[in-house]
Amino acid sequence: TRQSSSAASDVYKRQDPANAAYWYRKAARSGNILAMANLAGLYRDGSGLTQNYGQAFNWYKKSADAGHEWGLNGLGTLYENGWGVKQNFSKARELYEQASAKGFSESQYRLGMMYYEGKGGPVDLKTALYWLKISCDNHSLDGCQQLKDM
C-alpha cells in the first residue's frame, strides 16, 4: 500500500534498512511498483537483508514490467554489471533508454556513459554528450561531473 511504502521510506531515512525492507516488502506485495523497485535495491545492495540478486531481479522486473522508471533502471543496472543475470549491454541500454524517456536522470547518465564507452553498440560521442547533458540538466551530479571531465 501507499502507507507501507511511505513508512518504509521514512524508516530507511532513519538508517534502519532492515525495518525499511519489512515495509517495502509489505507494500510491494500489495502491488506498489515503487516499493517493488526499492525492495529490489535493498536485495541488490544487501542493505537490511541478505544480498540476493535473484530477488533483486524478480522485484525490479515486476516494477519494470509495470513501466516504473526505477524498476527499468535497476534492471538495466543488473544487466550492465552481470549481477544475477548474464551480462548484456544491449539489454541494459534498452532498459536505460526506456527509463530515460521517462526523465529518470540516473538512467540518462548511465545511457550517456554506455554510448561514451561503446557498451551495447558502437561509441557515439554525439549521443553520449546529448544524454549526459540531459542528465546534468536533470540534476545528476555524475552526469555533470562527466561532462566537466570530457
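Residues numbered from 1 in each chain as written. Predicted model: local features only at pLDDT ≥ 70, side-chain atom pairs only at ≥ 80, totals over all residues. Heavy atoms only, no water.

Visitor: Could you give an account of the pattern of salt bridges, with specific residues and numbers?
Guide: The final tally for this structure, using the stated rule, is seven salt bridges. Here K119 ties to E117 by a salt bridge, and the two come within 3.3 Å at their closest N and O atoms. In this structure, the salt-bridge partner of D137 is K133, at a minimum N-O distance of 3.0 Å. Residue D137 and its partner K133 are located together in helix α8 (residues 125-137), separated by four residues, close to a single helical turn. Its relative accessible area of 45% is what places K133 among the partly exposed residues. Within the structure, one salt-bridge network assembled from shared partners comprises E80, R110, E117 and K119. (Salt bridge = Lys/Arg side-chain N within 4 Å of Asp/Glu carboxyl O. Helix = DSSP H or I, 4+ residues; strand = E, 2+ residues; numbered from the N terminus. Buried < 20%, exposed > 50% of the residue type's maximum accessible area, 1.4 Å probe, protein only.)

Visitor: Describe the state of the cysteines, listing the residues and the values that go with them.
Guide: Counted by the stated rule, this structure contains one disulfide. Here C136 connects covalently by a disulfide to C144, the sulfurs 2.0 Å from one another. Handedness here is read from the sign of the S-S torsion; for C136 and C144, about 100 degrees, the answer is right-handed. The class for C144 is partly exposed, based on a relative accessible area of 27%. (Disulfide = S-S within 2.5 Å.)

Visitor: Outline the packing of helix α5 (residues 69-81) against helix α6 (residues 89-101), listing residues and values.
Guide: The packing of two helices is summarised by the inter-axis angle and the distance between the axes. Running from N to C, α5 and α6 point in directions that differ by 160 degrees, and their axes come no closer than 8 Å. Comparing their axes, α6 and α5 come out roughly antiparallel. As α5 runs across α6, the sense of the crossing is left-handed. Where α5 approaches α6, its residues E69, L72, N73, L75, G76, T77, Y79 and E80 are matched on the opposing element by F89, K91, A92, L95, Y96, Q98 and A99. For the contact of α5 with α6, the residue count by class is eight nonpolar, four polar and three charged. (Axes fitted to C-alpha atoms, helices over the stretch in contact; angles between N-to-C directions. Parallel < 35°, antiparallel > 145°, perpendicular 65-115°, else oblique. Left-handed = near helix turned anticlockwise from the far one by under 90°. Contact = heavy atoms within 4.5 Å. Nonpolar A, V, L, I, M, F, W, Y, C, P; charged D, E, K, R; others polar.)

Visitor: Outline a nonpolar patch on the surface, listing residues and values.
Guide: Among the surface-exposed residues, Y116, V123, L125, L129 and M150 lie close enough to one another that they form a single nonpolar patch of about 430 Å² accessible area. Tracing the sequence through the fold places L125 in helix α8. Judged by relative accessible area, L125 falls into the partly exposed class, the value being 45%. (Patch = residues over 30% accessible without salt bridge, like charges linked within 9 Å, V, L, I, M, F, W, Y side chains within 5 Å. Areas by Shrake-Rupley, 256 points an atom, 1.4 Å probe, with all protein chains shown as cover.)

Visitor: Tell me about helix α3 (residues 33-45), and name the residues and values.
Guide: Its 13 residues place the ends of α3 19 Å apart at the C-alpha level, agreeing with the 18 Å of an ideal helix rising 1.5 Å per residue. Where α3 begins, one side-chain oxygen reaches toward the backbone nitrogen of L34, 3.1 Å away; that side chain belongs to N32. Note on α3: the residue one or two positions beyond its end, G46, has a positive phi of about 70 degrees. (Expected span 1.5 Å × (residues − 1). Polar contact = N/O pair within 3.5 Å; in protein donor to acceptor, adjacent residues only side chain to side chain.)

Visitor: How would you summarise the nonpolar core if you had to cite specific residues and measurements?
Guide: Within the largest apolar cluster, 33 residues are counted, with the highest numbers of intra-cluster contacts made by L39, W59, Y60, L75, L78 and Y79. Of all the secondary-structure elements, those providing two or more residues to this core are α2 (17-29), α3, α4 (53-65), α5, α6, α7 (105-117) and α8. With seven residues, α3 is the largest single contributor of residues to this core. (Core = buried A, V, L, I, M, F, W, Y, C linked by side-chain atoms within 4.5 Å.)

Visitor: Requested: an account of the packing of aromatic side chains, with residues and values cited.
Guide: Tallied over the full model, the rule gives five aromatic pairs. Considering the side-chain rings of Y53 and W83, the 5.9 Å spacing of their centres and the 10 degrees angle between planes classify their relative orientation as stacked. Linking Y53 in helix α4 with W83 in the loop between α5 and α6, this pair joins segments that are 30 residues apart in sequence. Given the relative accessible area of 26%, Y53 is considered partly exposed. Directly above the aromatic system of W59 lies the positively charged group of K62, at a separation of 4.5 Å from the ring centroid. Sitting over the ring of Y115, R93 keeps its end group 4.0 Å from the ring centre. (Phe/Tyr/Trp six-rings, centres within 6.5 Å; stacked < 30°, edge-to-face > 60°. Lys NZ or Arg CZ within 6 Å of the ring centre and 35° of its normal.)

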